[in-house]
Amino acid sequence: MPDCLTLKKSNCKNCYKCIRHCPVKSIRFSANQAHIIAEDCILCGQCFVVCPQNAKQIVDETEKAKVFLLSGSPVYVSLAPSFAANYAGVGINGMRKALKRLGFADVEETAIGATMVKREYERILREEQPDVLISSCCHSLNLLVQKYFPGALPFLANVQSPMQAHCADIKRRHPEAKTVFVGPCVAKKDEAWYYSGMVDAVLTFEELTKWLETEHIELEPDPEQNAESRARLFPTTGGVLKTMTDRPDGYTYLAVDGVENCISALREIEEGKVHRCFLELSVCSGSCIAGPVMEKYHHSTVSDFLKVTEYAGERDFPVEQPELIGKHFTVIERHARIPGEDEIRATLRRMGKTKPSDELNCGSCGYPSCRDKAIAVCQGKAEISMCLPYLKDKAESFSDNIVRNTPNGLLLLNEQLEVQQINRAALRMMNLRAETDVLGESVVRVMDPNDFLTVLDSGRPIHDKRCYLAEYDRYVDETVIYDREYHLLICILRDVTQEETIRSQKESLSHQTAEIADRVVDKQMRIVQEIASLLGETAAETKIALYKLKESIKDE
């Protein structure tokens, strides 16, 4: 199978929407990126339709078609009958004029091949009389049977699709021709590749529209009424049955659309619950007029149905029925490993599912049950982190551990200043026994609300404001932040009582030391002054004594 659907990795945002909508879970996730598992995929295109980031893209074969046009060989377009809904009011003649300007030799309706196919269904029911016959027009349905319901494979009609039958008919009439199918389906690209030789390229309506816009070619309405065009009903739900006028008696004729309904029908067929029945099965809800390309851009079930039915005629196209219109289907093996029960339980435990009540089966990961998700993890298709309850519990556990064990007090208030959350450190600071003592109460019960009112009014936070909580005899550094998105006030209290006590003690010691130093200095100054006074008296007395001694010596 070629890569008909590819992924633009830069766009994938890890939202898991594609796996939630994938009916066969053929998408695996690695490094937060989605990857399509080709051997499991049925190319229904739902991942392309639902991707909000346009990370899925269909492989464009426009350049391939352009190469054919330059090759010199005549290139014919087989135009799917759903074009009447996609290009409303244009008609086959208007489409032919526009596409011939691109260089195509001619444009024919795939409904011609649909006429051949429905006649073959009628022949099989009439001549071979199978117990159950399943239409094989839808390639996605064929892949679903081949890959997931091999027990129903014997009931799948070994008949070409209308695209194949028509392109093969074109090549019978024009042996040198190249054929290009244009329609709303992704799976047709794979069908053309897998059953080579009939269809040389496949374009979606989107690709054709872009090509016409690039060449500045406008579609001109040229409606026509052709009574011999009943097979134009094929792309609607029940369209095959509406064209089958030669229905053998003894059969129930049933149309089923939508992949989940098709899966249910195939399951019942495998279980042997369905007999004497012809089933027209279409993977797309609404059949081909709701194909992935149409659904992505302008899906409107009712109006599209009306456009197609109004365009269809009442009789068959006048075509020559070919002798060979069959093809052979085989089982397509998948190689997914089936994990053992012990491995599944171990994975469930890693997902936090330790008991049955933990298995919520919420489907947020894209899998219908936690057990299916665990199996996908074992197969390497999913990651543990894809479980939303697991991530929520993990995040809450991590944040709760931080809140519970931080030494800082934390309070969470609403805009009415009512306490929404308080941690253990804050309870200790405020001499509270339990959270219930204050939860839902006004903060004024435990703290001065002025700072909270200031932050709420101004929107500007307060950081590390030193406060004294007199009622608790504590000093704290207070931070108050207003979260506008969640309309909450966050208060962080860092207990600095010990730090403040040490600082006060240091200030007191410094003051005492300064006082002692002042007293010592004063005392020393007094001592100096006393010594100076004594020295002065002694010097005077010595001077007098020496003077008297000098006088007595002179007298002698």
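Here we summarise the structure given alongside this text. (Residues numbered from 1 in each chain as written. Predicted model: local features only at pLDDT ≥ 70, side-chain atom pairs only at ≥ 80, totals over all residues. Heavy atoms only, no water.)

## Some details on unusual backbone geometry
Our working rule: For every residue, the accessible area obtained with a 1.4 Å probe (protein chains only) is divided by the maximum for its type, and the residue is called buried under 20%, exposed over 50%, and partly exposed between those limits. Numbering goes from the N terminus for both helices and strands, where a helix is a DSSP run of H or I of at least four residues and a strand is a run of E of at least two.
Unlike most non-glycine residues, leucine 43 shows phi in positive territory, near 55°. Residue classification places leucine 43 among the buried positions, given a relative accessible area of 3%. In the Ramachandran plot, aspartate 473 falls in the positive-phi region, its phi being about 50° despite a non-glycine side chain. Mapped onto the elements, aspartate 473 comes out in the loop between strand S14 (462-469) and strand S15 (474-483).

## Observations regarding the nonpolar core
To be explicit about the condition: Remark: nonpolar core denotes a set of buried residues (Ala, Val, Leu, Ile, Met, Phe, Trp, Tyr, Cys) joined through side-chain atoms within 4.5 Å. Throughout, a residue-residue contact means that at least one pair of heavy atoms, one from each residue, lies within 4.5 Å.
If you look at the biggest cluster of nonpolar residues, it comprises 103 residues, and the most contacted ones within it are Leu79, Ile134, Leu141, Leu144, Val180 and Leu266. Per-element tally for this core: the top contributor is helix H12 (residues 259-270), with six residues. Non-local contacts of valine 180, meaning those with residues more than four positions away in its chain, are made with Ala65, Phe68, Val75, Tyr76, Val77, Ser78, Phe104, Ala201 and Leu203.

## With respect to the packing of helix H15 (residues 341-350) against helix H16 (residues 370-378)
The following threshold applies: Note on geometry: axes are lines fitted to C-alpha atoms, helical ones only across the stretch in contact, with angles between N-to-C directions running from 0 to 180 degrees. We call two directions roughly parallel when the angle between them is under 35 degrees, roughly antiparallel when it is over 145, roughly perpendicular when it lies between 65 and 115, and oblique otherwise. Under this grouping Gly is polar, as are all residues other than the nonpolar Ala, Val, Leu, Ile, Met, Phe, Trp, Tyr, Cys and Pro and the charged Asp, Glu, Lys and Arg.
Contact geometry for H15 and H16: axes closest at 9 Å, N-to-C directions at 105°. Relative to H16, the element H15 is oriented roughly perpendicular. Note on element contacts: H16 touches H15 through Cys370, Arg371, Ala374, Ile375, Val377 and Cys378, opposite Glu341, Glu343, Ile344, Thr347 and Leu348. Considered class by class, the residues forming the contact of H15 with H16 number seven nonpolar, one polar and three charged.

## Some thoughts on the environment of lysine 353
One can find lysine 353 in the loop between H15 and H16. A relative accessible area of 7% means that lysine 353 is categorised as buried. Once residues within four sequence positions are removed from consideration, lysine 353 is found in contact with Leu348, Asp358, Glu359, Cys370, Cys387 and Pro389.

## Quick word on the layout of surface pockets
Defined as follows: Cavities and pockets are defined on a 1 Å grid built over the protein atoms alone: a cavity is a set of grid points where a 1.4 Å probe fits but cannot escape, while a pocket is an open set with protein on both sides within 12 Å along at least five of seven lines, and lining residues are those with an atom within 4 Å of any such point. Grid points are joined across faces, edges and corners, and a volume is the space filled by probe spheres set on the points.
Taken as a whole, the largest pocket encloses approximately 740 Å³ of empty space. Lining the largest pocket are 29 residues, with Pro23, Val24, Lys25, Tyr148 and Arg334 positioned closest to its centre. At the level of elements, helix H1 (17-21), helix H7 (139-148), H12 and H16 are the ones that each hand at least two residues to the lining of the largest pocket. At four residues, H12 tops the list of elements feeding residues into the lining of the largest pocket. When grouped by side-chain class, the residues that make up the lining of the largest pocket number 16 nonpolar, three polar and ten charged.

## Considerations on empty space enclosed by the protein
Applying the stated criterion across every chain yields a total of four cavities of 30 Å³ or more. If you add up the space inside the largest cavity, you get close to 440 Å³. Lining the largest cavity are 30 residues, with Cys137, Cys138, Lys188, Pro235 and Cys288 positioned closest to its centre. Sorting the residues of the lining of the largest cavity by element identifies H7, helix H8 (162-173) and strand S11 (277-282) as the ones contributing at least two each. Broken down by element, the residue count for the lining of the largest cavity peaks at three residues, all from S11.

## Quick look at the sheet that holds strand S16 (residues 488-495)
As a reminder of what qualifies: One requirement defines pairing of two strands: DSSP has to find at least two bridges between them.
Pairing in this open sheet of five strands is antiparallel, and the strands run S13-S12-S16-S15-S14 from one edge to the other. Two strands bound the open sheet, and with one partner strand each, they are strand S13 (419-422) and S14. Taken pair by pair, the neighbouring strands of this sheet meet at an average axis angle of 25°, ignoring direction. One ladder, built from three bridges, connects strand S12 (residues 409-414) with S13; its direction is antiparallel. Among the inter-strand pairings, leucine 413 is bridged to a residue of S13, identified as valine 419.

## Digging into the pairing of S16
By the bridge criterion, six bridges tie S12 to S16 in an arrangement that is antiparallel. Within S16, the position partnered with leucine 411 by the bridge is cysteine 491. Note that S15 and S16 share eight bridges and pair antiparallel. Considered in S16, the bridge of threonine 479 is made with isoleucine 492. Where S15 folds back onto S16 in an antiparallel hairpin, the turn is made up of four residues, including histidine 487, whose phi is positive at roughly 55°.

## Brief notes about the sheet that holds strand S9 (residues 201-204)
Judged by pairing direction, the sheet is parallel, and its four strands sit side by side in the order S6-S5-S8-S9 without closing on themselves. Among the strands making up the open sheet, the edge pair consists of strand S6 (106-109) and S9. When the angles between neighbouring strand axes are averaged without regard to direction, this sheet yields 25°. Two elements, strand S8 (residues 178-183) and S9, share four bridges in a ladder whose sense is parallel. Bridging from a neighbouring strand, valine 182 pairs with leucine 203 of S9.

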